[in-house]
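Inside the fold
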Amino acid sequence: MDGCSGLNCSAPRRIAARLFSALKRRKVKGRVNVGQRKEDDDDVAPPNHVTRRPDSSSERSGREANYNVVIGCFLLRLVAVTEKELQKMAELRIQMAAVLENVKDELRNKDLFITAKEIESNNGIDGDLELEFDGDLISNKVIFDQPLKCEYVPKEEKYLEGMDRLEAELEAELERLQLHLDASKLSSTHPQQSNGNSSARSYSMSCGEVIDPTIYGEEEECAQLHCGVPPYELERRLHELLESRQEEQIRELEAALASAKQELVDKEREISWWKDTAQLMSIHVQQPSPFGSKLSSACKHEMARAEHNNVTLEMVRDSLIRQEDTIVYSLIERARFPLNPPTYDPSYASIPGFSGSLLELFVKQTEAVQAKAGRYDNPEEHPFFPDNLPPSLVPHYKYPEVLHRAAMSININKLIWDMYFNKLLPSFVSPGDDGNYALTAARDLECLQAISRRIHYGKLVAEVKFRDERKDYEPAIRAQDRFTLTNLLTFTNVEEAVKNRVAKKAMTFGQEVKLGDDGDKGKYKVDPAIVSGLYADWVIPLTKEVEIDYLLRRLD
Ligand SMILES: C=C(O[C@@H]1C=C(C(=O)O)C=C[C@H]1O)C(=O)O
């Protein structure tokens with residue numbers, strides 16, 4: 001191009017040089033002729049006489065010279081303007097070459113994109129359409145880029161010729177690039193066998209990876225051309241499907257894990273229970289019974305029979321007799337105070353964070369403290385409000401595990417609570433109000449706990465009786481026959497002895513003790529008939545109820 005430009009520029013210069021040299025030669029000739037004419041005029045013609053040259057050829061040559069000068073000037077002017085034009089066109093050509101280079105780069109980048117589109121579109125793409133698409137893309141790119149460089153592009157019509165030539169060159173370049181593009185496509189592998197970006201993205205989709213949104217933009221553009229469901233939309237749906245399936249699997253696995261954890265906890269609890277049982281069995285076999293000293297020699301055969309757990313019916317009955325003392329004393333202590341109704345009235349005091357009577361507050365708070373102190377670790381103890389009790393804070397004591405595990409589920413304290421406040425209490429306390437509500441509640445709780453312990457001791461009574469007469473009990477248990485079980489465990493003579501004994505204890509413990517005077521004889525702190533009636537109507541029947549409940553589950 002520079003060479004060509006050089007050639008174009010040198011030709012006018014040579015023309016101008018020839019013109020100048022011709023003009024110079026003519027001036028020299030003219031001077032010589034004038035000098036000769038002067039000499040001739042001085043010699044021949046008068047001074048005021050105008051001499052006309054008779055030679056017409058010399059006049060013509062003079063006019064030609066003038067004409068040549070004008071033409072030469074015009075050509076010089078033209079040469080100068082043309083040279084400027086050519087310089088501008090050369091600059092424009094350089095800019096257009098840069099534009100073409102950009103287009104080439106764009107096309108190289110698009111090669112991968114087009115290959116990916118071919119892979120994704122299994123229906124095949126019409127070559128003409130694709131070429132049209134690419135051609136549009138290129139022309140759009142060129143048109144788009146042009147304004148960025150147009151500050152140097154002249155717009156006057158006088159440059160149209162140069163522009164035409166550049167356009168021709170640009171078209172040729174585009175054709176060459178298009179051929180290159182076709183060759184690239186022909187040399188690419190079959191779309192379904194290709195390992196291009198599309199397949200790589202599909203693979204990454206199946207692995208649940210995030211999709212590059214910039215690729216979506218290109219695919220959307222392409223999909224609009226190809227019609228149908230856009231590939232990115234298919235990818236998005238596939239991604240959502242995989243995600244929902246994975247979430248479902250996670251939920252199922254979490255549920256299975258929770259279930260397995262629960263099973264593990266249950267198994268660990270069972271193992272712990274069996275371990276404790278085995279440990280206790282071995283201890284009891286090796287050590288002498290702590291109750292041995294209490295037993296009479298007549299009962300040694302019974303002790304031997306129950307040696308495996310050191311619990312006999314006599315021992316149990318001894319315990320029940322001892323508990324009578326506690327119950328009678330607790331009733332006497334409660335009888336110190338009148339009924340004190342506000343103790344049981346929920347509207348008596350508005351206690352922050354608590355709704356219920358003062359008695360309920362007292363019992364719940366005391367049971368919570370005693371639970372922390374380990375009271376309910378003992379299988380003989382049963383709380384009145386077992387829900388939400390805090391755990392024991394003391395080291396666990398290994399109580400003898402004599403009872404069947406079904407015993408843990410038996411708690412009739414609700415029945416005992418109702419009996420105590422509705423039947424028993426009004427029968428042995430005086431009506432009235434002395435304001436000692438806190439002490440009243442404390443005494444009530446002592447009565448309740450003593451009676452509850454005695455009634456729930458029926459579990460141990462039943463266990464010992466069951467072991468002693470297993471052959472008789474098992475059929476009735478299997479038959480869940482309450483009537484037969486009641487007959488088996490009832491000892492009427494023992495019951496009568498219990499009732500008489502507690503009455504005597506009420507007389508003994510509840511009498512006024514005075515020195516040297518028996519004046520108050522027959523006056524007791526708690527009526528012995530009421531205590532005996534308590535046992536006859538409530539304590540013994542409820543104890544037997546617990547015995548039967550336990551026996552019914554003894555073979556579970
Ligand atoms: C507790 C026993 O079982 C039954 C209940 C009794 C009671 O509660 O005092 C007494 C005799 C039996 O009818 C026992 O035999 O000692």
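Residues numbered from 1 in each chain as written. Predicted model: local features only at pLDDT ≥ 70, side-chain atom pairs only at ≥ 80, totals over all residues. Heavy atoms only, no water.

A few words now on the overall build of the chain. Secondary structure assignment for the chain yields 17 helices and 0 strands. The 556 residues of the chain split such that 33% are buried. Intrachain contacts of the chain at a sequence separation of at least 6 include 76% that bridge at least 24 residues. (Helix = DSSP H or I, 4+ residues; strand = E, 2+ residues; numbered from the N terminus. Buried < 20%, exposed > 50% of the residue type's maximum accessible area, 1.4 Å probe, protein only. Contact = heavy atoms within 4.5 Å.)

A positive phi angle, near 55 degrees, is found at Asn340, a position not held by glycine. Counting through the fold element by element, Asn340 comes out in the loop between helix 9 (313-334) and helix 10 (358-372). One non-glycine residue, Gln480, adopts positive backbone phi at about 50 degrees. Relative to the helices and strands, Gln480 is located in the loop between helix 14 (470-478) and helix 15 (482-489).

Turning our eyes to something else, we now look at the site of the ligand. Taken together, 15 residues lie around the ligand, and Arg317, Arg454, Lys465, Phe491 and Glu495 are the ones closest in. Separating an oxygen atom of the ligand from a backbone N or O atom of Phe491 is a distance of 2.9 Å. Within the contact set of the ligand, an oxygen atom lies 3.2 Å away from a side-chain nitrogen or oxygen of Glu547. Burial of the ligand by the protein chains amounts to 99% of its free accessible area of 350 Å². (Near = heavy atom within 4 Å. Polar contact = N/O pair within 3.5 Å; in protein donor to acceptor, adjacent residues only side chain to side chain. Areas by Shrake-Rupley, 256 points an atom, 1.4 Å probe, with all protein chains shown as cover.)

Here the focus is the UniProt feature "coiled-coil region" (unreviewed entry) in the chain. Here, the residues flagged by UniProt with the feature "coiled-coil region" (unreviewed entry) are residues 243-270. End C-alpha atoms of residues 243-270 are separated by 40 Å, and the span's content is 100% helix alongside 0% strand. (UniProt positions renumbered as here; feature names shortened; annotations may be inferred.)

Another point: helix 16 (residues 492-510). Between the first and last C-alpha of helix 16 there are 27 Å, a value that for 19 residues agrees with the 27 Å anticipated at 1.5 Å per step. Taken as a whole, helix 16 has its buried residues at Glu495, Val498, Lys499, Val502, Ala503, Lys505, Ala506 and Gly510. When helix 16 is viewed along its axis, its buried side chains cluster within an angular range of 160 degrees and face the same direction. Pointing more than 90 degrees away from the buried face of helix 16 are the exposed residues Asn493, Asn500 and Lys504. At its buried positions, helix 16 is contacted by helix 9, helix 12 (437-456) and helix 17 (528-552). (Expected span 1.5 Å × (residues − 1). Arc of directions from axis to C-beta.)

Counting 48 residues, the largest nonpolar core has Leu331, Ile416, Tyr420 and Ile451 as the members making the most contacts within it. For this core, the element with the highest residue contribution is helix 17, accounting for 11 residues. With near-sequence residues (within four places) excluded, Tyr420 lies in contact with Arg334, Leu425, Pro426, Phe428, Asp444, Cys447, Leu448 and Ile451. Leu313, Val402, Leu460 and Val461 belong to the second-largest nonpolar core, a separate cluster that totals 9 residues. (Core = buried A, V, L, I, M, F, W, Y, C linked by side-chain atoms within 4.5 Å.)

With that out of the way, let us pick up a negative patch on the surface. Negative charge collects at one region of the surface, where Asp164, Glu167, Glu171 and Glu175 lie side by side. Tracing the sequence through the fold places Glu167 in helix 4 (residues 160-187). According to the relative accessible area criterion, Glu167 is partly exposed, its value standing at 42%. (Patch = residues over 30% accessible without salt bridge, like charges linked within 9 Å, V, L, I, M, F, W, Y side chains within 5 Å. Salt bridge = Lys/Arg side-chain N within 4 Å of Asp/Glu carboxyl O. Lys, Arg positive; Asp, Glu negative; His and termini not counted. Charge placed at Lys NZ, Arg CZ, Asp CG, Glu CD.)

In this section: the pattern of salt bridges. Per the counting criterion, the structure on display carries 23 salt bridges. Across the pair Glu324 and Arg501 runs a salt bridge whose closest N-O atoms are separated by 2.8 Å. With Glu324 in helix 9 and Arg501 in helix 16, the pair connects residues that are 177 residues apart, well separated along the chain. Where Glu463 meets Arg554, a salt bridge forms, and the shortest distance between an N and an O atom there is 2.7 Å. Here Arg554 lies in the segment after helix 17 and Glu463 lies in helix 13 (residues 458-468), a separation of 91 residues in the sequence. Taken together, the shared-partner salt bridges connect Arg322, Glu324, Asp325, Arg501 and Lys505 into one network.

As a further point, take the packing of aromatic side chains. By the definition in use, this model includes 9 aromatic pairs. Ring geometry for Tyr329 against Phe509: centres 4.4 Å apart, planes inclined by 10 degrees, an arrangement best described as stacked. With Tyr329 in helix 9 and Phe509 in helix 16, this residue pair connects regions lying 180 residues apart in the sequence. Here Tyr329 falls in the partly exposed class, since its relative accessible area comes to 45%. By relative accessible area, which is 22% here, Phe509 ends up partly exposed. (Phe/Tyr/Trp six-rings, centres within 6.5 Å; stacked < 30°, edge-to-face > 60°.)

Moving on to the side chain of Lys544. Residue placement: Lys544 occurs in helix 17. Of note is the side chain of Lys544, whose polar atom sits 2.9 Å from the side chain of Glu495. In contact with Lys544, other than residues within four places in its own chain, are Thr486, Leu489, Thr490 and Glu495.

We now examine the confidence of the model for the chain. For the chain, the average pLDDT comes to 75, and 62% of its residues sit at 70 or higher. Predicted confidence in the chain is weakest over helix 5 (residues 197-206), with a mean pLDDT of 39, and strongest over helix 12, with 98. Segment residues 1-12: pLDDT under 50, and 7 contacts once partners within four positions in sequence are set aside and those in other chains are kept. Confidence drops under a pLDDT of 50 for residues 27-55, and excluding neighbours within four residues, the segment shows 5 contacts in the predicted structure. (pLDDT = per-residue confidence, 0-100.)

Here the focus is helix 11 (residues 413-428). Along helix 11, the sharpest change in direction is near 40 degrees and occurs at Tyr420. Every buried residue of helix 11 is accounted for by Asn413, Ile416, Trp417, Met419, Tyr420, Phe421, Leu424, Leu425 and Phe428. (Bend = angle between axes of the 7 residues up to and from the residue.)

Put simply, helix 12 and helix 17 touch, their axes get as near as 7 Å, and they point 50 degrees apart. When the interaxial angle is binned, helix 12 and helix 17 end up oblique. In this structure, helix 12 contributes Ile451, Arg454, Ile455 and His456 to the contact, and helix 17 contributes Leu534, Tyr535, Val539, Leu542, Thr543 and Val546. (Axes fitted to C-alpha atoms, helices over the stretch in contact; angles between N-to-C directions. Parallel < 35°, antiparallel > 145°, perpendicular 65-115°, else oblique.)

Quick look at the side chain of His456 now. For His456, the location among the structural elements is in helix 12. One polar contact links the side chain of His456 to the main-chain amide nitrogen of Ile412, over a distance of 3.0 Å. Apart from residues lying up to four places away in sequence, His456 is in contact with His382, Ile410, Asn411, Ile412, Asn413, Ile416 and Val546.

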